[in-house]
Amino acid sequence: MEIIKGKSAFAAIAVGKIAVYKKEDQPIKRRRTEDPEGEIARFRKAKEEAADQLQKLYEKALREVGEAGAMIFKAHQMMLDDGEYQDCVQHMIQTRKVNAEYAVGTAGEHFANIFAAMDDAYMKERAADIKDISERVIRNLIGKGRQDRDFTGPVIVVADDLAPSETVQLDKDKVLAFVTSRGSVYSHTAILARTMNIPAIVNTGIDLEQDLDGKEAAVDGVRGILYLDPTLEVLEEMKKRREEEQQKKELLLELRGKETVTLDGKRIKLYANIGSVSDIAGVLKNDASGIGLFRSEFLYLEKKDYPTEDEQLAAYKTVLENMGGKKVIIRTLDIGADKQIDYFHMEKEENPAMGCRAIRICLERKDIFKTQLRALYRASAFGNLSIMFPMIISAKEVDEILEIVEEVKNELREEGIAMGEAELGIMIETPAAVMVSDELAKKVDFFSIGTNDLTQYTLAIDRGNAKLDRYYDAHHPAVLRMIQMTVENAHKHGIRAGICGELASDMELTETFLAMGVDELSVAPSYILGLRKKIREIKIKA
Ligand code: PEP
Ligand code: MG
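These remarks concern the structure in this document. (Residues numbered from 1 in each chain as written. Chains lettered and ligands numbered in written order. Predicted model: local features only at pLDDT ≥ 70, side-chain atom pairs only at ≥ 80, totals over all residues. Heavy atoms only, no water.)

## So, the overall build of the protein chain
Part 1 of the argument: Each helix and strand in the protein chain was counted, giving 21 helices and 16 strands.
Part 2 of the argument: Scaling as 2.2 N^0.38, a compact globule of 542 residues should have a C-alpha radius of gyration of about 24 Å, and the protein chain matches this with 25 Å.
Part 3 of the argument: Expressed as lengths along the three principal axes of its C-alpha atoms, the size of the protein chain is roughly 85 × 70 × 45 Å.
Part 4 of the argument: Out of the 542 residues in the protein chain, the part that is buried amounts to 54%.
Part 5 of the argument: If you take every contact in the protein chain between residues at least 6 apart in sequence, the share linking residues at least 24 apart comes to 69%. (Helix = DSSP H or I, 4+ residues; strand = E, 2+ residues; numbered from the N terminus. Rg over C-alpha atoms; globule rule 2.2 N^0.38 Å. Buried < 20%, exposed > 50% of the residue type's maximum accessible area, 1.4 Å probe, protein only. Contact = heavy atoms within 4.5 Å.)

## Focus on the coordination of the magnesium ion (ligand 2)
Part 1 of the argument: In this structure, E429 (OE) and D453 (OD) serve as the protein donors to the magnesium ion (ligand 2), at separations of 2.0 to 2.1 Å. Taken together, the residues E429 in the loop between strand 13 (423–428) and helix 16 (431–435) and D453 in helix 18 (residues 451–459) connect sequence positions 24 residues apart. (Donors = N, O, S within 2.8 Å, 3.2 Å for Na, K, Ca; no water.)

## Considering the site of ligand 1
Part 1 of the argument: Near ligand 1, the surroundings consist of 17 residues, among which R295, R331, G450, N452 and R463 are the closest.
Part 2 of the argument: Within the side chain of H188, a nitrogen or oxygen atom sits 2.9 Å from an oxygen atom of ligand 1.
Part 3 of the argument: At a separation of 2.7 Å, an oxygen atom of ligand 1 approaches a polar side-chain atom of R295.
Part 4 of the argument: For ligand 1, whose unbound accessible area comes to 290 Å², protein coverage reaches 100%.
Part 5 of the argument: Where the shell around ligand 1 is concerned, the elements lending two or more residues are helix 8 (188–195), strand 10 (290–295) and helix 18.
Part 6 of the argument: The biggest single contributor to the shell around ligand 1 is helix 18, with three residues.
Part 7 of the argument: Of the residues that constitute the shell around ligand 1, the class distribution is four nonpolar, five polar and eight charged. (Near = heavy atom within 4 Å. Polar contact = N/O pair within 3.5 Å; in protein donor to acceptor, adjacent residues only side chain to side chain. Areas by Shrake-Rupley, 256 points an atom, 1.4 Å probe, with all protein chains shown as cover. Nonpolar A, V, L, I, M, F, W, Y, C, P; charged D, E, K, R; others polar.)

## Some points on the sheet that holds strand 14 (residues 446–449)
Part 1 of the argument: The strand order 9-10-11-12-13-14-15-16 describes a closed barrel built from eight strands, whose pairing is parallel. On average, adjacent strands in this sheet sit at an angle of 25 degrees to one another, irrespective of strand direction.
Part 2 of the argument: Sheet contacts for helix 21 (residues 528–536): strand 9 (269–274) and strand 16 (520–523); angle to strand 9, the most-contacted strand, approximately 160 degrees. (Pairing = 2+ DSSP bridges. Axes fitted to C-alpha atoms, helices over the stretch in contact; angles between N-to-C directions.)

## Quick notes on the packing of aromatic side chains
Part 1 of the argument: One pass over the full model with this rule turns up nine aromatic pairs.
Part 2 of the argument: Measuring from centroid to centroid gives 5.4 Å for Y343 and F344, while their planes differ by 35 degrees, and the two rings are tilted. Neither residue differs from the other here; Y343 and F344 are each classed as buried.
Part 3 of the argument: Taken together, a centroid distance of 6.0 Å and an interplanar angle of 80 degrees make the contact between F369 and F389 edge-to-face. Of the two residues, F369 is situated in helix 14 (residues 366–379) and F389 in strand 12 (residues 384–389); the sequence distance between them amounts to 20 residues. (Phe/Tyr/Trp six-rings, centres within 6.5 Å; stacked < 30°, edge-to-face > 60°.)

## Thoughts on the environment of S505
Part 1 of the argument: Mapping S505 onto the fold places it in the loop between strand 15 (496–499) and helix 20 (510–516).
Part 2 of the argument: Taking C-alpha positions, S505 is 8.3 Å from I528, a pair spaced 23 residues apart along the chain.
Part 3 of the argument: The contact partners of S505, leaving out residues within four places of it in the chain, are V523 and Y527.

## Section: the environment of S296
Part 1 of the argument: Mapped onto the elements, S296 comes out in the loop between strand 10 and helix 11 (297–301).
Part 2 of the argument: Separated by 33 residues in sequence, S296 and I329 have C-alpha atoms that sit 10 Å apart.
Part 3 of the argument: If near-sequence neighbours (up to four positions away) are discounted, S296 is found in contact with Y316, I330, R331, T332, L333 and Q372.
Part 4 of the argument: Only 3.3 Å separates the side chain of S296 from the backbone nitrogen of L333, close enough to count as a polar contact.

## Let's talk about unusual backbone geometry
The general pattern is negative phi for most residues beyond glycine and trans for most peptide bonds.
Part 1 of the argument: The phi dihedral of H345 is positive, around 45 degrees, even though this residue is not glycine.
Part 2 of the argument: Position of H345 relative to the elements: it lies in the loop between strand 11 (327–331) and helix 13 (359–364).
Part 3 of the argument: The exposure class of H345 is exposed, given its relative accessible area of 69%.
Part 4 of the argument: Positive phi is not limited to glycine here, since A460 has a value of about 55 degrees.
Part 5 of the argument: Relative to the assigned elements, A460 resides in the loop between helix 18 and helix 19 (477–492).

## Structural notes on helix 21
Part 1 of the argument: Burial in helix 21 covers these residues: I528, L529, G530, L531, R532 and I535.
Part 2 of the argument: In this fold, the buried residues of helix 21 make contact with helix 9 (232–252), strand 9, helix 20 and strand 16.

## Structural notes on the packing of helix 18 against helix 19
Part 1 of the argument: The N-to-C vectors of helix 18 and helix 19 enclose an angle of 125 degrees; their axes lie 10 Å apart at closest approach. Classed by the angle they form, the pair helix 18 and helix 19 counts as oblique. Here the hand of the crossing between helix 18 and helix 19 comes out right-handed. The residues of helix 19 that touch helix 18, namely those facing T451, L454, T455, T458 and L459, are A478, V479, M482 and I483. (Parallel < 35°, antiparallel > 145°, perpendicular 65-115°, else oblique. Left-handed = near helix turned anticlockwise from the far one by under 90°.)

## A look at the sheet that holds strand 8 (residues 225–228)
Two strands in a sheet stick together by hydrogen bonds in their backbones, pointing the same way (parallel) or opposite ways (antiparallel).
Part 1 of the argument: Strand order in this open sheet of eight strands is 1-8-7-3-4-5-6-2, and the pairing throughout is mixed. Edge strands, defined here as strands with exactly one partner in the open sheet, are strand 1 (2–5) and strand 2 (7–10). Sheet twist, expressed as the average angle between the axes of neighbouring strands with direction ignored, equals 30 degrees.
Part 2 of the argument: Sheet analysis places strand 1 next to strand 8, joined by four bridges and oriented antiparallel. Residue pairing in the sheet places K5 in a bridge with I225 of strand 8.

## A short note on the pattern of salt bridges
Part 1 of the argument: Under the definition given, this model contains 45 salt bridges.
Part 2 of the argument: Between E406 and K409 there is a salt bridge, and its shortest N-O distance comes to 3.8 Å. With E406 and K409 both in helix 15 (residues 395–414) and three residues apart, this pair spans about one turn of that helix.
Part 3 of the argument: Each of the salt bridges in this network shares a partner with another, and the network as a whole consists of E309, D310, K366, K370, R374, R378, E407, E411 and E415. (Salt bridge = Lys/Arg side-chain N within 4 Å of Asp/Glu carboxyl O.)

Note that all results are geometric; they support no functional claim without further evidence.
Now the structure itself:
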């Protein structure tokens, strides 16, 4: 048995086999073949596998985001079946006597260039799709198709590091745990693991060059330990602790349907953070009173191209309808920093955490922002929606946002599209926003404090830099005073203030937050009932 220590990102236990997640940057080598028929047969098999994978992705997307969002996989299936594309690959193998990988890569480039040169904007965008399906076929050819994204069974995913875009694309039902060699506890990947209720250990320094695939392992996410080839004794201990955890969870289930109220009668809004439509099951199971933060950028991260207005509408509508009239706060796109998306074609920045991120992108690229706002307002007819804007630093920005919002609402009205009422709020996650929160409070309906970024920007500590984890102190008095000031300014102007950063679930601070007057706490779904229990035991007034 080998013991590898890291940092706990989500405290739960898993036992199973390892699958190593490797990045996709594989240069395709041209090889000469003496057996073109054999290569063509390999291509056909890889193509069939790709068709199966796309069908599964279609069915999964249909369940999770509805027909509009799933259509992309149908379109990919059709492109894969296209006679011209197949003829081009086979012809190249036969005439040039090259390996199937090279032929698929070259045919993919060829068709992508044809699409990219077309005048029609829609056809132009198909260039990315043809590249995507060719990459899928190539992955299958080199035997990585399953390993990369579509694991065969539930596995412990071991990776060097995982970008948020890679994490969201993994099939959650097939992931027992995440273990990364690098990575910080405060990164979005760690947050995703918590939201998805998946045990996770980061920063283990594990050597991925060793033969790990298929190895038995146990993940102790509570203590941040990975056991390779665990002994029977360790397996027994894990089993026992898992049963104890399970019993504790079952006891907490008794709190479903109970109010989140302190001993002295203060009602707290206890909401859940989600990253995708599929997280709703956990929200309902744990009886959250609403959704305090839907990180909508994960819809964008899951995709190879901008989600359309209809695709977004389908996702937002599903969430609102499933929440049956309970509050749903959807945050507009917050990409940039560690959440990079290729198709945004952002310029590389020296300092992305302080760069073009979140609302800054939306105000620069109004078309993207307006598409999202249109989808949100169209969805507002189906439930109790609030819209929240991230990374605000000034009242001027809020004015600009409100103007765009009005523009969008007027357009929809003119088109005769039904809308509901949507409250508008902002995230307070920069020291600048805290310092002008008295002014900001006059302009919006609510504040939600993003302690992850507020800590990063107050302490000048990159939240994604694992080497600085020991300095990233969210309990720092500077951070706590910022929270206090924000709540006071919100209340002075009659609006509510919540916390949706990770600190909201830190039970060492629950009493402090309630004493400060925090109205709402929004946490990963699996923390809801434990926090409800804690709040019900607190007496605010001494
Ligand atoms: C935060 O910064 O606390 C927050 C909730 O937003 P994110 O973690 O997505 O940056
Ligand atoms: Mg943030």
